[in-house]
Amino acid sequence: MTSPHSRALPPLTNLPAPRVLPRESPSLVPPDAIMVESKGLLRRRLLRRSWAPGLVILGLWYALLGLYVLGASPTFWFLSALVALGEPTYLRAATVQLGFSRSGLATAFGLLPLAGTVLSLAMMQLAPSAIAGMDPRRHLSERGFQREVATRITAILLAPPLLVLLALPLSVVLGLKQPWSALGAGPLMALTLGAGAIMLAWVLVRRTLAVPTLLGVPDAGEVETAGRLDRDPAVRLAAAKKVLAQDRRHLPPNPGTAARSGAFSPRGLLTALVRIARACLVWVAPTAVGLGWLLFGTADAINTFGGMLETNLVEIRSALRWPVLAVGLPLLGLVAVGLAFLPGLAVLAAEGQRAEVVDQRTYATWPERARVNPWEARVVTLTGVFSAVLGLLGLLTGTVLLVLLGETTPLVWSGLVAIALVLVPLLGVGATAAMRTGLRDVLYGPAGDYTRRETPYALIAPDIGTRTQRGQDPAVRAEMRRRLQAEGAGQGVALLDVDVAGERLWMDDSAPGATDAAVREADLGRGRLPDFGGEGSPFTRGADGAGGAGGYGAGGYRAGDDAYFDGARSGGSRSDGSRSDGSRSDGSRADESHRHPIPDSITGLREP
C-alpha cells in the first residue's frame, strides 16, 4: 500500500498485471535472515511469559464454570439467593433441586479451572511450530505481521475452552446425565454469555502475549515512529519501508487475467467466506451476545415465574424445539454459502465504474482509495448491500417455514424481529468492512505472492535444528553463494567468508576423536600417532604407503621428494637427474603429473 506520509505521485492507470513472485524454500533461508535461534528458544520464551495469558485463561475457566452452574436456571438462583439472606438453609435446598451438590461444586471450582488452564498452557507447546515458518516479508505491514503471530498463538491457547463450549450443547442433545436436561432459556443464555467471555478473553490474551519481546524485534509502533521522526534519513527510509510495503495487486484487474474471475474460483470463494466471517466476529457477534442475553434472560424469568403457579420452579423446558433448529441451521448454512459468491457478483455489477478509476495504486486509508478508485468503492458497497439482502431473504424464508410448522412462539417472534432490525444490517456492515481490506485477497490471492516487504528477516525460526546449524548446511551455503554471485561485483570478500567457513563442512565432527587434537599416551604405547597427513593418511592419498607404487608421504609428496627439495634449495641437480627449473640433465622435462595442482581459490580445494 502507499503510505499517506510518502511523497505525492501522479495518478497511475493502465498498469500491467502484477507478476507472481516465486516462492522461496524455507529450508534455504540463510542464518542472518532468521529471527530466533530455534523453536526451542521460542518455546522457552513463551513459557517465561505464560503467567500473563495464564491468569486470563484461569479467569475464563472460572467464568465458564460459573455460567454453567447459573445456566440451570438463572432466575431461580437469583430468587434463592434473596431468600437465603433470611434463611441460609434454603440455598442448600435450591442447590440440590437444581442437580448440584456442595461437595461437587467445591471440587469443580477447586480443580476444573486449574486443570483447564494447565491444558491450555500445555497447548502452548504447539505454538512455535505454528509460527516458525512465517515469512515477515509476505505481510504488507509490520503491524499486520505481529498481529498475525499473536492471533495464531491465541487461537491455540483458547482452543480448549472453545471446544468445551461447542461440545456442551451437543452433550445436552445426546442426553448425557447432567444438570442441563434440555436447551432451555437459561442454558441458552449461559452459552451466549460464554461465547462473549471467550471473545473478551481473546482480546486480553492477544494483548498479554508481547509479540515483539517474543521474537526479539522492535514493536510495530516504534518502527512507525522511526519511519516518520528519526533524524537519520537512511534510518528513516529503512524504517518506512519496513512499516508498509506497496501492494501491487491493483484494482480493477486487467481484462483477460485470472484475477478478473478470481472471485468465483474455489480459492476466491473460500477467502471471501473467511474474510466475511472474521469481520462478523467484530461487527455482529458482540451485538448478538447482548441480544441473546436479553432475550433468553427474559424468557427464563417468564418461565420461572410461570412455574411458581405450577409449583415446578426447576424444570427446564426447551426454548428451541427441534423444528426450529431443523429450519434455522440449514438456512444459516445456505446464507453462508451465498455470502461467498457475493463479491464476485459485485465485481460484475460494478463493471460500469471501470472507466472512472483515477488511480489504480493501493492507498493505505480507505477514504483515499474510495476517492481515486470508484470501481473498488462500488464493489465494496454492493457486497455489503447484497449481504444484507441475502440475510433478510434467509430470515423471511425461515419465518414462513416456521409459521407453516406452527412453531412461532413469543420467543421465536422476538428473535426474528431482533435479527431483522439489528443483526441483518450489521451483517451488511461487516461484509463491507471485510471487502475494504480483503477484496484483493479474494481476487488475486495473498499479498505475499506479489510483494516482498523490505525487512531483514525471512523466517521466524528453523523448522529443524538451530540457526547456527542452519549456517553449517551445505545446501544453505550453496544458496548463499548463488545469491552473492547473483548480486554481482563487490561480493568477493563475502564469497571468501562463505568458502572459508564452509571448509569444516567436509570434516565429520561426529566421528570419535575427530575434534580431539591431544596425543593420548595409550596410542603412543601401541605405536599409533595422530593423523597429521602422514603416510597412509586418506587425506594425502597415501593409503599405499610411501614405498609402494603411487605412494605419497607426508604433505602429499612421493618418497624421495626430500632429495628433490634439497636439490632445489642448492640450485643443483636432484637425485633423479632433474634440475631446479624442472629440466633434466639430458635436456628433457621431468614428469610432474604426480604432483598436486595448486588451486586458484579456496573453492578449488573442493573441486574434483
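About the cut-offs
- Residues numbered from 1 in each chain as written.
- Predicted model: local features only at pLDDT ≥ 70, side-chain atom pairs only at ≥ 80, totals over all residues.
- Heavy atoms only, no water.
- Helix = DSSP H or I, 4+ residues; strand = E, 2+ residues; numbered from the N terminus.
- Buried < 20%, exposed > 50% of the residue type's maximum accessible area, 1.4 Å probe, protein only.
- Areas by Shrake-Rupley, 256 points an atom, 1.4 Å probe, with all protein chains shown as cover.
- Contact = heavy atoms within 4.5 Å.
- Axes fitted to C-alpha atoms, helices over the stretch in contact; angles between N-to-C directions.
- Parallel < 35°, antiparallel > 145°, perpendicular 65-115°, else oblique.
- Left-handed = near helix turned anticlockwise from the far one by under 90°.
- Nonpolar A, V, L, I, M, F, W, Y, C, P; charged D, E, K, R; others polar.
- Phe/Tyr/Trp six-rings, centres within 6.5 Å; stacked < 30°, edge-to-face > 60°.
- Salt bridge = Lys/Arg side-chain N within 4 Å of Asp/Glu carboxyl O.
- Patch = residues over 30% accessible without salt bridge, like charges linked within 9 Å, V, L, I, M, F, W, Y side chains within 5 Å.
- Expected span 1.5 Å × (residues − 1).
- Bend = angle between axes of the 7 residues up to and from the residue.
- pLDDT = per-residue confidence, 0-100.

## Some words on the overall build of the protein
The helix and strand tally for the protein stands at 23 helices and zero strands. Residues counted as buried form 41% of the 608 residues belonging to the protein. With the model as given, the accessible surface of the protein reaches about 32,900 Å², and the carbon-plus-sulfur share is 64%.

## Quick look at the side chain of Thr-154
Structurally, Thr-154 is set in helix α7 (residues 142-157). The class for Thr-154 is buried, based on a relative accessible area of 0%. Not counting residues up to four positions away in its chain, the partners in contact with Thr-154 are Trp-202, Val-205, Arg-206 and Leu-209.

## Description of the packing of helix α13 (residues 266-283) against helix α18 (residues 410-443)
Packing of α13 against α18 leaves a shortest axis separation of 8 Å and a crossing angle of 140°. The angle between α13 and α18 falls in the class oblique. Crossing hand, α13 versus α18: right-handed. Looking at the contact of α13 with α18, its residues break down into 14 nonpolar, five polar and three charged.

## A few points about the packing of aromatic side chains
This model, assessed by the stated rule, comprises four aromatic pairs. A centroid spacing of 6.5 Å and a plane angle of 20° characterise the contact between Tyr-62 and Phe-109, whose relative ring orientation is stacked. Taken together, the residues span a long stretch of sequence, with Tyr-62 in helix α2 (residues 51-70) and Phe-109 in helix α5 (residues 102-122) at a distance of 47 residues. Here Tyr-62 falls in the partly exposed class, since its relative accessible area comes to 33%. Classification of Phe-109 as partly exposed rests on a relative accessible area of 30%.

## Considerations on the pattern of salt bridges
Inspection of the entire model under this criterion finds 18 salt bridges. The partner of Arg-260 in a salt bridge is Glu-351, with the nearest N and O atoms 2.9 Å apart. Of the two residues, Arg-260 is situated in the loop between α12 (233-243) and α13 and Glu-351 in the loop between α15 (322-349) and α16 (366-372); the sequence distance between them amounts to 91 residues. Residue classification places Arg-260 among the partly exposed residues on the basis of a relative accessible area of 28%. Measuring nitrogen to oxygen at the nearest pair gives 2.3 Å for the salt bridge that ties Asp-441 to Arg-275.

## Quick word on a nonpolar patch on the surface
A surface patch of nonpolar side chains, amounting to about 440 Å² of accessible area, comprises Phe-264, Val-337, Phe-341, Leu-345 and Leu-348. Overall, the relative accessible area of 46% leaves Val-337 in the partly exposed class.

## Structural notes on unusual backbone geometry
With an omega of -5°, the peptide bond between Leu-251 and Pro-252 qualifies as cis. Mapping Pro-252 onto the fold places it in the loop between α12 and α13. Phi at Ala-210 is positive, roughly 55°, even though this residue is not glycine. Along the chain, Ala-210 turns up in the loop between α9 (185-208) and α10 (211-215).

## With respect to the packing of α7 against helix α8 (residues 159-173)
The interhelical angle for the contact between α7 and α8, taken along N-to-C directions, is 50°, at an axis separation of 4 Å. With respect to α8, the element α7 is oriented oblique. Packed against α7, whose contacting residues are Ala-155, Ile-156 and Leu-157, the element α8 presents Ala-159, Pro-160 and Pro-161 at the interface. In the contact of α7 with α8, the residues fall into six nonpolar, no polar and no charged.

## Looking at α5
Spanning 21 residues, α5 covers 30 Å between terminal C-alpha atoms, matching the ideal 30 Å at 1.5 Å per step. Along its length, α5 reaches its greatest deviation from straightness, about 30°, at Ala-108. Those residues of α5 that are buried are in contact with α2, α4 (89-97), α7 and α8.

## Here we look at the confidence of the model for the protein
Taken as a whole, the protein shows an average pLDDT of 79; of its residues, 76% reach a score of 70 or greater. Per-element averaging of pLDDT across the protein places helix α23 (residues 561-570) at the bottom with 44 and α13 at the top with 94. Ignoring residues within four places in sequence, the model shows residues 499-509, a span with pLDDT below 50, making 20 contacts including any to other chains. A low-confidence stretch, residues 513-517 (pLDDT under 50), is modelled with three contacts involving residues beyond four sequence positions or located in other chains.

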